[in-house]
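Letter by letter, the chains look like this.
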Amino acid sequence: MSLIALALASAADAAQAQAPLAPSSSWNVDYAESECRLSRTFGPADDTTTLRIIRGASLKAVEYTLAGKSLKIRDWNYNVLLRLGPDGTSHKLPVLWYRLPTGEGALQIIGENELRPAEIASTRTLSVELDGAEPLQLAVGSLDKPFAALNACYDDLLTSWGIDPTKVRDLKTAARPLNMQSWSIFENIWASDAAKGSKWMTIRLDVNEIGKAQTCKTLASSGSAELDAKICAAAIKKARFVPAASASGEKVGAPFVLRIQMRE
């Protein structure tokens, strides 16, 4: 084979390797108890990759989860580059690797803020770039309608928590917790003290402009009124935050939602 033919073959192989995975399902929005999940699968039936885009307790954050048999756990990767095509907008974000009970590799990417409307409108491909690995590219297509459905779900969820979705959207940054291990919450919430079968409880703290929790409301009970009151009292006494910021950058009061897992 000539050098020219080899070069053409190599270029074709590279292009094929980098081709985005095509969708193998439609988008689906899951109205879960404490979060909203937008999901879709990509790739061939015997080796699919599932993308989930999740909005939940962290009011301004978005979680991107990818799972599939071909995903290899890479403990040395602490950050990934989430690139939105075709214009190449990218976000460097922290990543957490783990393995599902099915044996599939999975990675969880946390973005502190939701995508801007212009990014949603222009995105057609989404790729995750890791050190020492080929980018994982997904042909997500237009995100306008899927994200509209996700945001409608999230607005409903916030409203059910007694939170005004408009006020959340108007925030530049949400309240950020400080030194959560000092709050004396997580070590004091035992499954044995909760209702049988309870594994999680959810509370809403109303944080003022100086970063202190003023009120606490139980959104999903532990099943024990005594335990709920104990957790809320500890949170009001010890929880501290970097206050939320308005669009103009001023420190403002804002809600903070916290899910707490029971200790076995």
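Model, not experiment: these values are computed from the prediction. (Residues numbered from 1 in each chain as written. Predicted model: local features only at pLDDT ≥ 70, side-chain atom pairs only at ≥ 80, totals over all residues. Heavy atoms only, no water.)

A.B. asks: What is the right way to read the sheet that holds strand β3 (residues 49-55) from this model?
C.D. replies: Strands belonging to one sheet form pairs held by backbone hydrogen bonds; the direction of such a pair is parallel or antiparallel. On the basis of which strands lie adjacent, the open sheet formed by nine strands has the order β1-β2-β3-β4-β7-β6-β5-β8-β9 and antiparallel pairing. With one partner strand each, in any of the chains shown, β1 (28-31) and β9 (136-138) form the two edges of the open sheet. With direction set aside, neighbouring strand axes in the sheet form an average angle of 25°. As judged from the six bridges shared by strand β5 (residues 79-85) and strand β6 (residues 89-99), these two strands associate in the antiparallel manner. If you follow Val-80 over to β6, its bridge partner there is Leu-93. (Pairing = 2+ DSSP bridges. Helix = DSSP H or I, 4+ residues; strand = E, 2+ residues; numbered from the N terminus. Axes fitted to C-alpha atoms, helices over the stretch in contact; angles between N-to-C directions.)

A.B. asks: I would appreciate a short explanation of the state of the cysteines in the present structure.
C.D. replies: Defined simply, a disulfide is a covalent bond joining two cysteines at their sulfur atoms. All told, the structure shown has two disulfides when counted by the stated rule. Across a sulfur-sulfur distance of 2.1 Å, Cys-36 and Cys-153 are joined as a disulfide pair. Disulfide Cys-36-Cys-153: the torsion about the S-S bond is -85°, which places it as left-handed. Placement of Cys-36 in strand β2 (residues 36-42) and of Cys-153 in helix α3 (residues 144-160) is noted, with a sequence separation of 117 residues between them. Both residues of the pair, Cys-36 and Cys-153, belong to the buried class. Here Cys-216 pairs with Cys-232 through a disulfide, and the sulfurs are 1.9 Å apart. Where Cys-216 bonds to Cys-232 through sulfur, the torsion about that S-S bond is close to -60°, and the disulfide is left-handed. Of this pair, Cys-216 sits in strand β13 (residues 213-220) while Cys-232 sits in helix α5 (residues 225-238), and the two are 16 residues apart along the sequence. The pair formed by Cys-216 and Cys-232 is uniform in burial state, with each residue classed as buried. Each disulfide of the protein chain joins two cysteines, and with those cysteines numbered along the sequence the arrangement is 1-2, 3-4. (Disulfide = S-S within 2.5 Å. Buried < 20%, exposed > 50% of the residue type's maximum accessible area, 1.4 Å probe, protein only.)

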